[in-house]
Amino acid sequence: MPLILMVGLPSSGKTTRAREIQKFFTEQQHREVILISDNEIMSNMNIEKNVLYLEMKKEKDLRSKLHSDALKSLTKENVVILDSGNFIKGFRYELYCSSKSLSTPKCLVVCDISPEKAWELNENRTDQEKYVRKTFNDLVMRYEEPNHSNRWDSPLINLQLDDTLPAEEIRKAIFEVAAPVPNQSTINAPLNSSSYLYDLDQKTQEVINSIIQLKKQGVEGENIELVNYEGKYLNKLDKSISLVQLAKSRKQFLSYAKSHVSTANDQTNIVNMFIQFLNKSVTC
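Now for a look at the structure at hand. (Residues numbered from 1 in each chain as written. Predicted model: local features only at pLDDT ≥ 70, side-chain atom pairs only at ≥ 80, totals over all residues. Heavy atoms only, no water.)

### Focus: the sheet that holds strand β4 (residues 106-111)
To keep it simple, the criterion reads: Strand pairing is assigned whenever DSSP detects at least two bridges linking the two strands. Counting from the N terminus, the helices are DSSP H or I runs at least four residues long and the strands are E runs at least two residues long. Convention adopted: a line fitted to C-alpha atoms gives each axis, helices being fitted over their contacting stretch, and angles between N-to-C directions are expressed from 0 to 180 degrees. Two residues qualify as a contact provided that any one of their heavy atoms is within 4.5 Å of a heavy atom in the partner residue.
In space, the five strands of this open sheet follow the order β2-β3-β1-β4-β5, with parallel pairing throughout. Each having just a single partner strand, β2 (33-37) and β5 (156-159) make up the two edges of the open sheet. Taken over all neighbouring pairs, the strand axes of this sheet differ in orientation by 20 degrees on average, direction set aside. Pairing of strand β1 (residues 3-8) with β4, which is carried by six bridges, proceeds in the parallel orientation. Residue pairing for β4: Leu-5 is matched across the bridge by Leu-108. Sheet strands touched by helix α4 (residues 56-73): β2 and β3 (79-83). Its angle to β2, the strand with the most contacts, is close to 175 degrees. Along the sheet, helix α8 (residues 167-175) makes contact with β1, β3, β4 and β5, crossing β4 at roughly 150 degrees.

In structure tokens:
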């Protein structure tokens with residue numbers, strides 16, 4: 001049920017700490033832990049981080065995927081760890097609203113080291129893992145440090161590089177607190193809202209129709225832009241993706257959307273979430 005956000009500068013040790021937390025909850029608390037990694041998603045997107053973080057659209061797509069995967073993974077039984085920089089205040093606020101709308105506790109674990117030390121650690125990495133100087137400096141410049149006085153950055157647990165993992169403190173921060181109560185800013189549209197259900201049905205079918213049109217034209221390949229959806233892409237489109245698969249995935253998404261509903265029930269968000277869902281369930 002709880003969501004743990006790893007936050008910090010590039011090369012500050014977030015992944016190492018995320019794995020420590022995962023090990024603690026799995027081995028000592030006997031809980032299912034879902035670790036969502038930005039490195040894994042970038043690998044699946046077939047793009048190198050030094051390229052992605054210098055291209056606004058690709059970085060936005062990454063955050064959208066992280067957000068979507070986190071929401072899909074939240075249940076009452078498990079722990080979800082979002083292993084990414086989470087360095088943008090607005091993105092942390094989105095996750096706060098989303099987790100609150102699902103009455104899910106969350107906390108931030110901040111790997112708090114200086115930029116100089118982070119660069120030193122980065123230089124000791126393999127060439128494949130390293131950030132180039134330009135990307136590193138850009139991420140440091142854009143880093144919006146969490147503030148525990150902000151409700152979306154609280155509770156906040158700071159970790160210095162040599163600190164022992166405060167596992168019990170993290171456990172208490174997410175399991176010994178009352179579940180947040182959704183308010184008007186985070187409550188989703190009621191499921192009996194005819195306009196929401198109509199938009200959900202119509203917009204998902206329009207996306208399917210766009211894919212069918214591409215298939216009829218014989219379009220195949222990777223990163224295929226959808227007809228009538230400028231800037232929105234399928235990871236892959238080939239003959240193996242059948243109409244039956246598309247219909248099944250749409251049905252699954254409709255069921256998911258009606259039980260979880262999106263954080264912003266507008267038509268654009270329905271389309272974005274459905275395309276992300278298709279990219280994960282059909283085109284991967």
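### Considering the side chain of Lys-106
Applicable threshold: Only protein chains enter the accessibility calculation, which uses a 1.4 Å probe. A residue is then buried if its area is under 20% of the maximum for its type, exposed if over 50%, and partly exposed in between. In this tally, Asp and Glu contribute negative charge and Lys and Arg positive charge; neither His nor the terminal groups of the chain are included. Definition used for salt bridges: Asp or Glu carboxyl oxygen within 4 Å of a side-chain nitrogen of Lys or Arg. Counted as a polar contact is a pair of N or O atoms within 3.5 Å, where, for protein atoms, one must be capable of donating a hydrogen and the other of accepting one, and residues adjacent in sequence contribute only when both atoms are in side chains.
Examined against the element boundaries, Lys-106 turns out to sit in strand β4. Buried charge Lys-106 goes without a salt bridge, the closest partner of opposite sign being Asp-153 at 6.1 Å. There is a polar contact of 3.0 Å between the side chain of Lys-106 and the backbone oxygen of Trp-152. Of note is the side chain of Lys-106, whose polar atom sits 3.4 Å from the backbone oxygen of Ser-154. Excluding anything up to four places from it in sequence, Lys-106 contacts Leu-3, Tyr-96, Ser-99, Arg-151, Trp-152, Asp-153, Ser-154, Pro-155 and Ile-174.

### Examining the pattern of salt bridges
Going through the model one piece at a time under the given rule, you end up with 15 salt bridges. Note that Asp-61 and Lys-57 form a salt bridge whose closest N and O atoms lie 2.7 Å from each other. Taken together, the positions of Asp-61 and Lys-57, both in helix α4 and four residues apart, correspond to about one turn of that helix. Measuring nitrogen to oxygen at the nearest pair gives 4.0 Å for the salt bridge that ties Asp-238 to Lys-236. Through salt bridges with shared partners, a single network forms among Glu-59, Arg-63, Asp-138 and Arg-142.

### A closer look at the packing of helix α6 (residues 115-123) against helix α7 (residues 133-142)
The condition that has to hold: Should an angle fall under 35 degrees it is called roughly parallel, over 145 degrees roughly antiparallel, and 65 to 115 degrees roughly perpendicular, with every other angle called oblique. By definition, any crossing whose near helix is turned counterclockwise from its far helix by less than a right angle is left-handed, and any crossing with a clockwise turn is right-handed. Under the grouping applied here, Gly and all other residues not named as nonpolar or charged are polar, the nonpolar ones being Ala, Val, Leu, Ile, Met, Phe, Trp, Tyr, Cys and Pro and the charged ones Asp, Glu, Lys and Arg.
Between α6 and α7, the shortest axis-to-axis distance is 12 Å and the interhelical angle comes to 150 degrees. Taken together, the axes of α6 and α7 lie roughly antiparallel to each other. Handedness of the crossing formed by α6 with α7: right-handed. From α6, Pro-115, Ala-118 and Trp-119 reach across to α7, where they touch Arg-133, Phe-136 and Val-140. Partitioned by chemical class, the residues of the contact of α6 with α7 number five nonpolar, no polar and one charged.

### Some details on the packing of aromatic side chains
For clarity, the threshold we go by: Under the pairing criterion, centres of Phe, Tyr and Trp rings, with the six-membered ring standing for Trp, must be within 6.5 Å; the plane angle then separates stacked pairs below 30 degrees from edge-to-face pairs above 60, leaving the rest tilted.
On inspection of all chains with the given rule, the structure shows eight aromatic pairs. Between Phe-253 and Phe-274, the ring centres sit 5.0 Å apart and the planes meet at 45 degrees, which makes this aromatic pair tilted. Of the two residues, Phe-253 is situated in helix α10 (residues 243-260) and Phe-274 in helix α11 (residues 267-281); the sequence distance between them amounts to 21 residues. Judged by its relative accessible area of 2%, Phe-253 is buried. Members of the aromatic cluster, connected to one another through ring pairs, are Phe-24, Phe-25 and Phe-175.

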